[in-house]
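Structural overview for review
If you want the building blocks of each chain, they are given just below.
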Amino acid sequence: MILILGGTGEARALAAALDGRCVTSLAGAVSNPRLPVGEVRIGGFGGVEGLAEYLSGVDAVVDATHPFAQQISANAAAACERTGTPLLRLERPGFTPRPGWIWVDDLSAAAAHTHGQRAFLTTGRQGLEAFAPIHDAWFLIRCVDPPGDPLPRHHELILDRGPYSVESERALMERHNITMLVTKDSGGAMTQAKLDAAGERTVVVVRRPPRPGVETVTSVEAAVHRLGYRRGV
Ligand code: NAP
């Protein structure tokens, strides 16, 4: 049995490419997740210990979680090493860098660039407290589920889920007089439109965090190929 650690479009595409002959695991972090085909389990495993226990009966694990989901990837690497379970990382490439983008290591560093701006925050609902101390800026915050407190004093919240078109992203930014876009280097076509729509606005991009050294493929096709090879071993 193949365990896919999911929560991304790539994970859903992989489950489909495997004709649902897999179990996809979701964190249970969003209230109404898009479900993949095949079996689905929802909720944390209980750290490395719990995941290692779950792996009995699992032939291979594909860590197809989001590039910014650090903890589950570290847990997967540790649990697979402990149990001798093959582990493959499926990770979409980051955005192709464009001239003028400001690259930062984390959300606090991104927040430091927002003074005096009307900033569109598309970094997800986690970590928004980094922007709370910034009182001389206005924020348009967009996420799928409501974020927790604290949020910046001057903001408007949009609860929405992509994909978005370049036209709708441009219209949104114009409507709110946005001067700056803040994004994670998530990569992927689903989140590309805002970058195309940003035009001359300042774009601040949060770099991907470091990850465990695990064999990595960047496409679903390559993952299927690699798993096929493993199945034949
Ligand atoms: P995280 O910080 O890496 O993980 C926190 C804990 O959540 C893990 O220790 C694990 O709990 C549980 N968990 C995470 N992913 C899981 C999965 N696929 N199946 C079962 N348990 C999981 O993760 P996160 O950044 O909060 O992201 C949570 C999920 O949302 C991930 O699956 C990710 O793919 C998706 N996502 C994240 C982002 C982002 O920007 N971080 C964006 C889009 C989607 P236990 O230790 O109890 O096992």
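Structure: above.
Quick look at the structure, then.

As for the side chain of Thr 24
Inspection of the secondary structure assignment puts Thr 24 in strand β2 (residues 23–26). Excluding residues within four positions of it along the chain, Thr 24 makes contact with Ile 4, Gly 6, Ala 15, Pro 36, Glu 39, Val 40 and Arg 41.

Things to note about the pairing of strand β10 (residues 180–184)
When you tally the buried positions in β10, you get five out of five residues, the bulk of the element. Neither face of β10 is open: one carries Met 180, Val 182 and Lys 184, the other Leu 181 and Thr 183, and all of them are buried. With three bridges connecting them, strand β7 (residues 118–121) and β10 associate as parallel partners. Bridging from a neighbouring strand, Ala 119 pairs with Met 180 of β10. Pairing of β10 with strand β11 (residues 202–206) involves five bridges; the strand directions are parallel. Looking at the pairing, Lys 184 lines up with Val 206 of β11.

Focus on the site of the ligand
Near the ligand lie 22 residues; those nearest to it are Gly 6, Ser 25, Phe 45, Gln 71 and Lys 184. Note that an oxygen atom of the ligand is positioned 2.9 Å from one of the backbone N or O atoms of Gly 46. For the ligand, an oxygen atom lies 2.9 Å from a polar atom in the backbone of Ile 72. A total of 810 Å² of accessible area belongs to the ligand in isolation, and the protein chains cover 76% of it.

Some thoughts on the sheet that holds strand β6 (residues 102–104)
An order of β6-β11-β10-β7-β8-β9 is seen for the six strands of this open sheet, with the pairing classed as parallel. Both outer strands of the open sheet, β6 and β9 (155–159), are each paired with one neighbouring strand and no more. Neighbouring strand axes in the sheet, compared pairwise and without regard to direction, differ in orientation by 20° on average. Sheet analysis places β7 next to strand β8 (residues 138–143), joined by four bridges and oriented parallel. Opposite Ala 119, over in β8, you have Phe 139 as the bridge partner. The strands that helix α5 (residues 166–175) touches are β7, β8 and β9; relative to β8, the one it contacts most, it runs at about 150°.

Description of the packing of helix α2 (residues 47–54) against helix α3 (residues 70–83)
The relative placement of two packed helices is expressed as an angle between their axes plus a distance between the axes. For the pair α2 and α3, interaxial distance at closest approach is 9 Å and the crossing angle is 50°. On the basis of the axis angle, α2 is oblique to α3. Like other packed secondary-structure pairs, α2 and α3 cross with a definite hand, here right-handed. Each of Gly 47, Val 48, Glu 49, Leu 51 and Ala 52 in α2 lies in contact with α3, whose residues at this interface are Asn 75, Ala 76, Ala 78, Ala 79, Arg 82 and Thr 83. Its residues assigned to classes, the contact of α2 with α3 comprises six nonpolar, three polar and two charged.

So, the packing of aromatic side chains
Between two aromatic rings, the relevant description is the distance of the centres plus the angle of the planes. Here the structure, examined in full by the defined rule, presents three aromatic pairs. Look at Trp 101 and Trp 103: their rings are 6.0 Å apart centre to centre, the planes differ by 50°, and that puts the pair in the tilted class. What makes Trp 103 partly exposed here is its relative accessible area of 27%. The ring centre of Phe 45 lies 3.9 Å from the NZ or CZ of Arg 41, which sits over that ring. The ring of Tyr 54 has Arg 41 lying over it, and the distance from NZ or CZ to the ring centre is 5.4 Å.

A few points about the pattern of salt bridges
One pass over the full model with this rule turns up 11 salt bridges. A salt bridge links Glu 49 to Arg 82; its shortest N-O distance comes to 3.2 Å. Separated by 33 residues along the polypeptide, Glu 49 in helix α2 and Arg 82 in helix α3 bring together distant segments of the chain. What makes Glu 49 exposed here is its relative accessible area of 52%. Of the charged contacts, one joins Arg 226 and Glu 215 as a salt bridge, the two residues approaching to 2.6 Å between their closest N and O atoms. Taken as a pair, Arg 226 in helix α7 (residues 220–232) and Glu 215 in the loop between β11 and β12 (216–217) lie far apart in primary sequence, 11 residues in all. On the accessibility criterion, Glu 215 (34% relative accessible area) is partly exposed. Salt bridges sharing common partners tie together Asp 63, Arg 89, Glu 91, Arg 208 and Arg 211.

Cut-offs and rules
Residues numbered from 1 in each chain as written. Predicted model: local features only at pLDDT ≥ 70, side-chain atom pairs only at ≥ 80, totals over all residues. Heavy atoms only, no water. Helix = DSSP H or I, 4+ residues; strand = E, 2+ residues; numbered from the N terminus. Contact = heavy atoms within 4.5 Å. Buried < 20%, exposed > 50% of the residue type's maximum accessible area, 1.4 Å probe, protein only. Pairing = 2+ DSSP bridges. Near = heavy atom within 4 Å. Polar contact = N/O pair within 3.5 Å; in protein donor to acceptor, adjacent residues only side chain to side chain. Areas by Shrake-Rupley, 256 points an atom, 1.4 Å probe, with all protein chains shown as cover. Axes fitted to C-alpha atoms, helices over the stretch in contact; angles between N-to-C directions. Parallel < 35°, antiparallel > 145°, perpendicular 65-115°, else oblique. Left-handed = near helix turned anticlockwise from the far one by under 90°. Nonpolar A, V, L, I, M, F, W, Y, C, P; charged D, E, K, R; others polar. Phe/Tyr/Trp six-rings, centres within 6.5 Å; stacked < 30°, edge-to-face > 60°. Lys NZ or Arg CZ within 6 Å of the ring centre and 35° of its normal. Salt bridge = Lys/Arg side-chain N within 4 Å of Asp/Glu carboxyl O.

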